[in-house]
Amino acid sequence: MRRLAVVVVLALACAGAAAQMKIGHINSETIMQTLPEAIDAQKSIDALVAGWEADLQKMQADWKKKFDEFDKRKLILTDQVRADQERELRELDQSITDFRNKKFGQNGELFQKQGEIMKPVQNKMFHVLEEVAKDDGYDYIFDRSGEILVLYANDKYDLTQRVLQRMQTFGK
């Protein structure tokens with residue numbers, strides 16, 4: 001809904017100049033799902049993830065096995081042995097959490113590998129997009145696969161410097 005509102009506002013704002021402006025859109029998701037390099041890159045990412053998930057499942061199974069053994073015997077253990085095993089279980093649990101965060105966390109290896117592996121494919125797509133935009137005279141190209149993104153904009157419509165200049169003199 002928000003996306004539609006943005007498109008409507010853009011359309012109304014550009015109504016007078018629309019006859020002179022050429023606007024296009026792409027679906028980058030479709031491109032990435034079709035492009036052989038992107039498919040290969042995604043397969044290598046999926047293989048990494050599968051390996052990490054297998055390691056994580058093994059760690060969790062080991063923890064569960066040790067916990068079940070501890071749970072069965074905890075009543076006959078001495079206080080010292082019970083405390084040692086509880087500490088060992090906490091440490092194993094912490095190592096599982098650390099592994100999960102290291103691999104799948106916000107700045108984890110998955111995030112870094114996705115950037116590293118997909119970056120060349122994305123750069124190629126943006127380069128080709130820019131060529132198509134310039135060759136065919138497009139002023140703006142949007143990506144409609146997710147949130148509305150401007151992937152290409154003709155520099156003659158860039159108001160950044162004008163806004164900055166006006167902001168510096170605003171209220172003086």
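Rules used throughout
- Residues numbered from 1 in each chain as written.
- Predicted model: local features only at pLDDT ≥ 70, side-chain atom pairs only at ≥ 80, totals over all residues.
- Heavy atoms only, no water.
- Helix = DSSP H or I, 4+ residues; strand = E, 2+ residues; numbered from the N terminus.
- Buried < 20%, exposed > 50% of the residue type's maximum accessible area, 1.4 Å probe, protein only.
- Contact = heavy atoms within 4.5 Å.
- Areas by Shrake-Rupley, 256 points an atom, 1.4 Å probe, with all protein chains shown as cover.
- Expected span 1.5 Å × (residues − 1).
- Salt bridge = Lys/Arg side-chain N within 4 Å of Asp/Glu carboxyl O.
- Phe/Tyr/Trp six-rings, centres within 6.5 Å; stacked < 30°, edge-to-face > 60°.
- Lys NZ or Arg CZ within 6 Å of the ring centre and 35° of its normal.

A word on the overall build of the protein chain. In terms of regular secondary structure, the protein chain is built from six helices and three strands. Reading the protein chain from its N end, one meets helices and strands in the order α-β-α-α-α-α-β-β-α. Relative to its 172 residues, the protein chain shows a buried fraction of 19%. A separation threshold of at least 6 residues defines the contact pool for the protein chain, and within that pool the share at least 24 residues apart is 65%. For the protein chain, the exposed area adds up to about 13000 Å²; of that, 56% sits on carbon and sulfur atoms.

Further remarks concern helix H4 (residues 79-104). Its 26 residues place the ends of H4 37 Å apart at the C-alpha level, agreeing with the 38 Å of an ideal helix rising 1.5 Å per residue. Within H4, the full set of buried residues consists of Leu 89, Ile 96, Phe 99 and Lys 103. Of the surrounding elements, those touching the buried residues of H4 are helix H3 (36-73) and helix H5 (109-136).

This part takes up the pattern of salt bridges. For the structure shown, the criterion picks out eleven salt bridges. Of the charged contacts in the structure, one is a salt bridge between Lys 66 and Glu 88, with a shortest N-O distance of 3.3 Å. With Lys 66 in helix H3 and Glu 88 in helix H4, this residue pair connects regions lying 22 residues apart in the sequence. For Glu 109, the salt bridge identified is with Lys 103, shortest N-O distance 2.8 Å. Assessed through its relative accessible area of 22%, Glu 109 is described here as partly exposed. On the basis of relative accessibility, which here comes to 10%, the residue Lys 103 falls in the buried class.

With respect to the helices, strands and loops of the structure, Asp 139 is situated in the loop between H5 and strand S2 (140-143). Classification of Asp 139 as buried rests on a relative accessible area of 4%. On a C-alpha basis, the gap between Asp 139 and Gly 24 in space is 8.2 Å, while along the polypeptide they are 115 residues apart.

Tallying each qualifying case throughout the model produces two aromatic pairs. When the ring of Trp 63 is compared with that of Phe 67, the centres are 5.2 Å apart and the planes differ by 5°; the resulting orientation is stacked. Here Trp 63 and its partner Phe 67 are both found in helix H3, four residues apart, which amounts to about one turn of the helix. When the ring centre of Tyr 138 is taken as origin, the NZ or CZ atom of Lys 22, which lies over that ring, is 4.6 Å away.

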